[in-house]
Amino acid sequence: MIRIYKAEKMKRIGISEKVRQRGITLIALVVTLIILLILAGTSIAMLTGDNGIISQAQNAKNNSAKAEFEEKVKLAVTASRINEDRTRIDLGKLDSELKINAKIPAENIDKSGDNEGLPWIVTEKDYMYLITEDGRVVEINGIALDKSQLKLLKNESKTLKVIKSKDVNGDVTWSTENAAVATVDQNGSVTAVGNIGDTTQIVARVGTEYSATCNVTIVNNIVEVTPEEIAENPDKYYGQVVKNYTAGGATYRIFYVDTENKYGDGKNTVYLKADWKANDVNLRDVYTNYNKTTTKIKEMNPEWAKTENRGNIADTSWNLNEKSAAYLCTPATVGNESNLLWAENLDKTKANYVIGSPSVEMYCDSYNSVQHPGVTNYRLEAKYRLTSVPGYVYTVNGGSEKEDTGPDTVDYKNYGSMYCGKDGVKGGYYWWLASPLSHFNYEMCAVYGNSADLASSSYSNTIGVLPLVSLRSDFTIQIEK
């Protein structure tokens with residue numbers, strides 16, 4: 001009995017041990033499963049979610065694409081800069097660079113500036129960049145202003161424009177940090193009301209989340225320009241009034257920059273021309289006062305002065321109109337200005353000399369250097385014609401040679417009416433050009449204000465002189481901005 005009992009007991013103990021071991025195994029399995037689930041959850045979390053591996057990989061891909069797009073835009077801007085200090089941008093070149101090399105579709109280029117000028121907005125997918133007026137490339141992430149800074153004259157106004165990225169909605173509110181310097185209305189129009197040198201900041205807001213600023217500075221309305229700047233942008237500077245040359249009480253405008261030393265006063269010499277005052281000079285009464293030793297008639301009329309033309313002809317053999325041109329080309333200079341009608345137009349500290357009027361060659365060179373908006377853009381040329389009465393004739397757009405260019409061929413509206421007319425209108429404003437006409441031996445080249453053309457005028461007519469000033473190279477030109 002005792003053995004049987006012990007054997008049975010041992011059997012039961014063996015069964016319990018197996019059950020216990022199986023329980024431990026099951027618990028371990030459950031624990032293992034739990035650990036695996038935890039690890040799986042961690043792995044899923046690492047793969048998904050805002051900070052997951054997949055999201056980070058996608059963000060890296062997007063950032064790379066955005067950086068690549070930004071770089072393409074910047075390269076297009078760099079390739080479009082045209083002047084020596086790389087501050088000006090050729091908009092035609094920029095358009096081509098963006099479309100062809102950067103491969104940005106035309107519909108993704110928003111030419112939002114005035115007359116399609118900068119700033120431009122370029123987009124790709126959800127990326128949006130602003131090309132500013134000075135050629136900076138700025139990402140638009142929220143809102144931006146089309147100008148980061150404004151330089152305004154006192155009482156001058158300019159309007160700022162808000163650019164919103166695609167996910168931004170809501171009305172724009174405007175404010176100024178100092179209304180005593182500059183004000184802004186709810187259309188973004190900024191007006192300078194303070195004093196020169198004052199600065200402030202204009203702020204545009206959309207809701208409470210987005211804002212953009214523009215720095216405003218009130219500047220002097222007088223700026224200095226160099227001959228190189230004028231030559232590079234004649235449309236901007238020709239016709240501008242020079243504020244610090246006022247000899248004789250006349251108004252003087254930038255007329256021409258001689259970048260090639262064609263007229264003998266040195267490369268990049270700047271010439272000013274006085275505005276029309278009166279029809280008061282009869283050359284028949286004064287032409288004999290020309291300076292017989294001056295070379296200025298030859299320098300101002302280089303085609304006429306060529307050796308094969310009139311260059312070797314003694315002045316005693318000149319025609320009346322050639323002597324009249326020599327009189328108009330007689331320079332008022334230091335020590336030689338008392339007997340000339342334009343002596344009062346000489347400022348000895350600022351000018352090399354002054355003559356009575358520009359020559360027809362210089363007139364045409366100046367005229368053809370600029371565009372003529374609002375009038376027909378004719379190209380005017382003065383051609384030397386060797387006949388029994390040698391001198392100049394005119395052509396229009398390379399056409400036939402004539403003694404006049406025909407009605408309304410000369411711009412009287414732009415550039416302060418320095419080419420014809422007065423105050424933007426036609427009228428009885430006639431003036432001499434310092435060149436002989438090839439027709440009759442007493443006829444001169446002249447500008448006719450009533451018909452807006454270049455024509456002929458007898459030396460006995462009484463019309464105006466518009467003195468031409470050759471500026472010294474050390475004179476600093478100041479104009480009104």
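Use the structure listed above.
Let me begin by describing the structure that accompanies this report. (Residues numbered from 1 in each chain as written. Predicted model: local features only at pLDDT ≥ 70, side-chain atom pairs only at ≥ 80, totals over all residues. Heavy atoms only, no water.)

## As for the overall build of the protein
Then, number 1: Regarding its fold elements, the protein presents 10 helices and 26 strands.
Then, number 2: Taking contacts inside the protein between residues at least 6 apart in sequence as the whole, the part at least 24 apart equals 59%.
Then, number 3: Looking at the protein as shown, the accessible area adds up to about 24,600 Å², and 49% of this sits on carbon and sulfur atoms. (Helix = DSSP H or I, 4+ residues; strand = E, 2+ residues; numbered from the N terminus. Contact = heavy atoms within 4.5 Å. Areas by Shrake-Rupley, 256 points an atom, 1.4 Å probe, with all protein chains shown as cover.)

## Brief notes about the sheet that holds strand β7 (residues 157–159)
Then, number 1: Pairing in this open sheet of 3 strands is antiparallel, and the strands run β7-β11-β10 from one edge to the other. Looking along the sheet, the strands with just one partner apiece sit at the ends: β7 and β10 (182–184). Direction aside, the axes of adjacent strands within the sheet are offset by 20° on average.
Then, number 2: Note that β10 and strand β11 (residues 189–192) share 3 bridges and pair antiparallel. Bridge assignment links V184 to a residue of β11, and that residue is V190. (Pairing = 2+ DSSP bridges. Axes fitted to C-alpha atoms, helices over the stretch in contact; angles between N-to-C directions.)

## Considerations on unusual backbone geometry
Then, number 1: Along the chain, L118 connects to P119 via a cis peptide bond; the corresponding omega equals 10°.
Then, number 2: For P119, the location among the structural elements is in the loop between β1 (109–110) and β2 (120–124).
Then, number 3: Despite not being glycine, D408 has its phi angle at roughly 55°, a positive value.
Then, number 4: A positive phi angle, close to 55°, is found at S417, a residue other than glycine.
Then, number 5: Looking at S417, the relative accessible area reads 8%, which means it is buried. (Buried < 20%, exposed > 50% of the residue type's maximum accessible area, 1.4 Å probe, protein only.)

## Details of a nonpolar patch on the surface
Then, number 1: Nonpolar side chains collect at one region of the surface, where L26, L29, V30, L33, I34, L36 and I38 lie side by side and expose about 650 Å² of accessible area between them.
Then, number 2: One can find I34 in helix α1 (residues 2–47). (Patch = residues over 30% accessible without salt bridge, like charges linked within 9 Å, V, L, I, M, F, W, Y side chains within 5 Å. Salt bridge = Lys/Arg side-chain N within 4 Å of Asp/Glu carboxyl O.)

## A look at the environment of K267
Then, number 1: Within the element layout of this structure, K267 appears in the loop between β15 (252–258) and β16 (269–274).
Then, number 2: Accessibility expressed as a relative area gives 63% for K267, which makes it exposed.
Then, number 3: For the pair K267 and S473, spaced 206 residues apart in sequence, the C-alpha separation works out to 9.5 Å.
Then, number 4: If near-sequence neighbours (up to four positions away) are discounted, K267 is found in contact with D258, T259 and N261.

## Observations regarding the environment of W304
Then, number 1: Relative to the helices and strands, W304 resides in the loop between α7 (296–300) and α8 (307–311).
Then, number 2: A relative accessible area of 0% places W304 in the buried class.
Then, number 3: Separated by 82 residues in the primary sequence, W304 and L386 place their C-alpha atoms 9.1 Å from one another.
Then, number 4: In this structure, W304 is in contact with I297, K298, N309, R310, G311, W318, E322, E361, Y384, Y392 and P436, ignoring residues within four places of it in sequence.

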